[in-house]
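Topology and contacts: notes
Residues per chain, in single letters:
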Amino acid sequence: MGKDRNMNVLTNFGLYVVVLMILIQYGQSTAPTGCTFDSSDSVGIYTCDYTAVTLPLAYSGFSPAPQRLVINKIEGTLGSGSTFSGFSSFSSASLDKNYIASLDLQCSTSAVVSLTIAAGTFTDMNWVQKLTITNCRIANLPADVFADFGQLDTLIITGGKIDAMDAGAFGNIDIGKLDLIPQAAGLLEFSNLEMPATTLTTGIFTSLVNVSHIKLDNIGLTAVVTTDFSSNTGLHTLTISNNAITTIPSGFFTGLDGIGIVDFSGTSWDCSCTNLWFLTFADTNGIEIQGGANCGTPSTHASKFSSS
Ligand SMILES: *[C@@H]1O[C@H](CO)[C@@H](O)[C@H](O)[C@H]1NC(C)=O
């Protein structure tokens, strides 16, 4: 009898140890109401449903710290000073350097204007290294809207539409390759979206002297001008793909001495006489052209591949 009880005590003790080990291994996590935590790797990802959370999202409501944060189903305003709180306590020094620190804003696609942001929306969010905005219809990107991030490795706006954009939208933000993070990109990307116009807002990228890669894919551009990227002296890769441009103005690469790769995939060139000057220019200057060069016009050259 006594022996059996001892065995029971031992079995129960064993169970406690197993449960304890599971708790230690997976950790205890807390998330604000409306947010869930996926702990499938050592940093984990929080996903917060815009329609279920109460803003502001408080840093203190997350344990472990939200190094990767997704807000989805957005359909409304992320107000200045009223979206995030207490994030000044999130020290960049505490980030797990094996993972890029990211903020993902994903919109509900049904709304007419699905995302309204302002200068100050991202107060204290300078721990973020990568910002992605997906499938949002953005009424306006006002001046300095991203300034609170201070420095970003990557900024991607993909899908959806931007109705208006201030020439100073990228004011006081430094986009460039960050040291000490895996796969640093130094990337600014606009892709698969409707822009306010078919040409770039004059001066929109002027302040981005450290950006390493600008990617403009399928955003309805019909023309580019020499001044569009002339200040982006840190540029290594320029992607202008799947747009309706037909020519590149001469002098387009002046001052961009570090450029190594240009990608004009999906471009139907006007191959008349001098329009393909950049093929020779690229050859002379050791610039790799990706995506080939297909002639749309003149009709005698249509679909022919041009080469220098
Ligand atoms: C570009 O990078 C350098 C070196 O990190 C930094 O000192 C400078 O402030 C950056 N410039 C801008 C405009 O962000």
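Above this text you will find the structure in question.
Residues numbered from 1 in each chain as written. Predicted model: local features only at pLDDT ≥ 70, side-chain atom pairs only at ≥ 80, totals over all residues. Heavy atoms only, no water.

**Observations concerning the overall build of the chain**
A count of helices and strands for the chain gives 2 helices and 19 strands. Counting the 308 residues in the chain, one finds 42% classified as buried. Long-range pairs, those at least 24 residues apart, make up 67% of the contacts in the chain with a sequence separation of at least 6. Of the roughly 14800 Å² of accessible surface on the chain, a fraction of 53% belongs to carbon and sulfur atoms. (Helix = DSSP H or I, 4+ residues; strand = E, 2+ residues; numbered from the N terminus. Buried < 20%, exposed > 50% of the residue type's maximum accessible area, 1.4 Å probe, protein only. Contact = heavy atoms within 4.5 Å. Areas by Shrake-Rupley, 256 points an atom, 1.4 Å probe, with all protein chains shown as cover.)

**Examining empty space enclosed by the protein**
All chains considered together, the criterion is met by 1 cavity of 30 Å³ or more. Empty space within the largest cavity amounts to approximately 40 Å³. Every residue along the wall of the largest cavity is listed here: Met165, Met195, Pro196, Ala197, Thr199, Leu200, Thr201 and Leu221. Of the residues assigned to the lining of the largest cavity, the class counts are 6 nonpolar, 2 polar and no charged. (1 Å grid on protein atoms, 1.4 Å probe; cavity = no way out; pocket = protein on both sides within 12 Å on 5 of 7 lines; lining within 4 Å. Points joined across faces, edges and corners; volume = space filled by probe spheres on them. Nonpolar A, V, L, I, M, F, W, Y, C, P; charged D, E, K, R; others polar.)

**With respect to the pattern of salt bridges**
Under the defined criterion, the tally for this structure stands at 5 salt bridges. Between Asp49 and Lys73 there is a salt bridge; the shortest N-O distance is 3.4 Å. Within this pair, whereas Asp49 is found in strand β2 (residues 45-49), its partner Lys73 is found in strand β4 (residues 68-74), the two being separated by 24 residues in sequence. Judged by its relative accessible area of 17%, Asp49 is buried. Ionic pairing is found between Glu194 and Lys161, a salt bridge with its closest N-O pair at 3.5 Å. Of this pair, Glu194 sits in the loop between β13 (187-191) and β14 (213-217) while Lys161 sits in strand β11 (residues 154-162), and the two are 33 residues apart along the sequence. (Salt bridge = Lys/Arg side-chain N within 4 Å of Asp/Glu carboxyl O.)

**Description of the site of the ligand**
Taken together, Asp174, Ser207, Val209 and Asn210 make up all the residues around the ligand. Here an oxygen atom of the ligand and a side-chain polar atom of Asp174 are 3.1 Å apart. One of the side-chain nitrogen or oxygen atoms of Asn210 is found 2.4 Å away from an oxygen atom of the ligand. (Near = heavy atom within 4 Å. Polar contact = N/O pair within 3.5 Å; in protein donor to acceptor, adjacent residues only side chain to side chain.)

**Observations concerning the side chain of Thr83**
Position of Thr83 relative to the elements: it lies in the loop between β5 (76-78) and β6 (84-85). Separated by 2.8 Å, the side chain of Thr83 and the backbone oxygen of Gly79 make a polar contact. Setting aside anything within four residues of it in sequence, one finds Thr83 in contact with Leu55, Pro56, Leu57, Leu78 and Thr121.

**Examining the packing of aromatic side chains**
For any pair of aromatic rings, the description consists of the separation of the ring centres together with the inter-plane angle of the planes. Evaluated as defined, the whole model comprises 25 aromatic pairs. For the ring pair Phe190 and Phe205, a centre distance of 6.3 Å and an interplane angle of 45° mean the geometry is tilted. Pair noted here: Phe190 is in strand β13 and Phe205 is in the loop between β13 and β14, with a separation of 15 residues, a long-range link. (Phe/Tyr/Trp six-rings, centres within 6.5 Å; stacked < 30°, edge-to-face > 60°.)

**Focus: the layout of surface pockets**
Estimates place the volume of the largest pocket at around 210 Å³. Lining the largest pocket are 15 residues, with Leu95, Gln129, Leu178, Asp179 and Ile181 sitting closest to its centre.

**Observations concerning the environment of Asp174**
Relative to the helices and strands, Asp174 is located in strand β12 (residues 174-175). The class of Asp174 is partly exposed, set by a relative accessible area of 26%. The contacts of Asp174, once residues within four sequence positions are left out, are Gly150, Gln151, Leu152 and Asn210.

**As for the nonpolar core**
As a rule of thumb, soluble globular proteins bury nonpolar side chains together. Ranked by size, the top nonpolar core spans 78 residues in total, and within it Phe146, Phe170, Phe190, Phe205 and Phe229 carry the most contacts. Contact partners of Phe229, with chain neighbours within four places excluded, come to Leu200, Phe205, Ile214, Leu216, Leu235, Leu238, Ile240, Phe252 and Leu256. (Core = buried A, V, L, I, M, F, W, Y, C linked by side-chain atoms within 4.5 Å.)

**Structural notes on the state of the cysteines**
Each disulfide consists of one covalent bond between the sulfur atoms belonging to two cysteines. Under the definition given, this model contains 2 disulfides. The side chain of Cys35 participates in a disulfide bridge whose partner is Cys48; the two sulfur atoms lie 2.1 Å from each other. One disulfide, between Cys35 and Cys48, carries an S-S torsion of 110° and so falls in the right-handed class. Taken together, the residues Cys35 in strand β1 (residues 35-38) and Cys48 in strand β2 connect sequence positions 13 residues apart. Each sulfur of the disulfide joining Cys107 and Cys136 lies 2.0 Å from the other. The disulfide joining Cys107 to Cys136 has a torsion of about 90° about its S-S bond and is therefore right-handed. One end of the pair, Cys107, is in strand β7 (residues 102-107); the other, Cys136, is in strand β9 (residues 130-138), with 29 residues separating them in the sequence. Look at Cys107 and you get buried, because its relative accessible area is 9%. (Disulfide = S-S within 2.5 Å.)

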